[in-house]
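Notes for the structure review
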Amino acid sequence: MVKAVEPHTEADPVALASLLVGRTVSLSRLFGDECLPDALRRARAVRNKAREAMEERGIAILFLASGMATWTNTATASTPAAPILLREAALIPLGVSEDDFDVSL
């Protein structure tokens, strides 16, 4: 049996809605001052891995997951989870020091 999981995000709902309808949104607009440093650190790491996979193997691995499905697996104690919808995304650094990123789908 698949069950719905409550959405969990620290993103600004208005900025997230703009992103989901196809507009480019900056990370600083998506996340407030409190969450932004961590979001920037993660964005740098994700973008670097995505660029590496594309350059070395020609594989696109940068996606935004929308919704998570979970189900009961009697074989293990852990709860499996999988994204319901994946949309290819792009993280474009703003400035040489990557102080912010534009996110687009």
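Residues numbered from 1 in each chain as written. Predicted model: local features only at pLDDT ≥ 70, side-chain atom pairs only at ≥ 80, totals over all residues. Heavy atoms only, no water.

**What about the layout of surface pockets?**
Filter applied, for reference: With a 1 Å grid spanning the protein atoms alone, the term cavity applies to any set of points in which a 1.4 Å probe fits but cannot get out, the term pocket to an open set with protein on both sides within 12 Å along at least five of seven lines, and the term lining residue to any residue with an atom within 4 Å of a point. Grid points are joined across faces, edges and corners, and a volume is the space filled by probe spheres set on the points. We count a stretch as a helix when DSSP gives it H or I for four or more residues in a row; a strand needs E for two or more, and each element gets its number in order from the N terminus. Residues are sorted three ways: Asp, Glu, Lys and Arg are charged, Ala, Val, Leu, Ile, Met, Phe, Trp, Tyr, Cys and Pro are nonpolar, and all the rest, Gly among them, are polar.
Taken as a whole, the second largest pocket spans an internal volume of roughly 150 Å³. For the second largest pocket, the full set of lining residues is Arg47, Ala50, Arg51, Met54, Ile59, Ala60, Ile61, Leu62, Glu88, Ala89, Ala90 and Leu91. When contributions to the lining of the second largest pocket are tallied by element, the ones reaching two or more residues are α3 (36-57) and β5 (90-94). Looking at the lining of the second largest pocket, the element that brings in the most residues is α3, giving four residues. Classifying every residue of the lining of the second largest pocket by side-chain character gives nine nonpolar, no polar and three charged.

**Things to note about the sheet that holds β5**
Rules: Two strands pair if DSSP finds at least two bridges between them.
With respect to topology, three strands assemble into an open sheet ordered β2-β6-β5, the strand pairing being antiparallel. Of all the strands in the sheet, the pair left with one neighbour each is β2 (25-26) and β5. Bridge analysis of β5 against strand β6 (residues 100-104) gives five bridges, and the strand direction is antiparallel. Each bridged residue has a counterpart across the sheet, and for Leu94 the counterpart in β6 is Asp100.

**Points about the side chain of Ser18**
Inclusion rule: Three labels apply to residues, based on accessible area from a 1.4 Å probe with only protein chains included: buried if under 20% of the type maximum, exposed if over 50%, partly exposed otherwise in between. Contacts are assigned to residue pairs that have any heavy atoms within 4.5 Å of one another.
Along the chain, Ser18 turns up in helix α1 (residues 13-20). When its relative accessible area of 9% is taken as the criterion, Ser18 is described as buried. The contact partners of Ser18, leaving out residues within four places of it in the chain, are Arg23, Val25 and Arg29.

**Looking at the confidence of the model for the protein**
Defined as follows: Residue-level confidence of the predictor is what pLDDT reports, using numbers from 0 through 100.
For the protein, per-residue confidence averages 87 on the pLDDT scale, and 91% of positions sit at 70 or higher. Looking across the protein, the model is least confident in strand β1 (residues 2-4), with a mean pLDDT of 43, and most confident in β6, with 95. Low pLDDT, under 50, characterises residues 1-8; the stretch is placed with eleven contacts to residues that sit more than four places away or in other chains.

**Some thoughts on unusual backbone geometry**
Backbone geometry places Glu98, a non-glycine residue, at a positive phi of 50 degrees. Judged by relative accessible area, which is 16%, Glu98 ranks as buried.

**Side note on the pattern of salt bridges**
We count it as follows: Any Lys or Arg side-chain nitrogen located within 4 Å of an Asp or Glu carboxyl oxygen qualifies as a salt bridge.
For the structure shown, the criterion picks out five salt bridges. Asp38 serves as the salt-bridge partner of Arg41, at 2.4 Å between the closest nitrogen and oxygen. Residue Arg41 and its partner Asp38 are both found in helix α3; the two are separated by three residues, about one turn of the helix. Overall, the relative accessible area of 49% leaves Arg41 in the partly exposed class.

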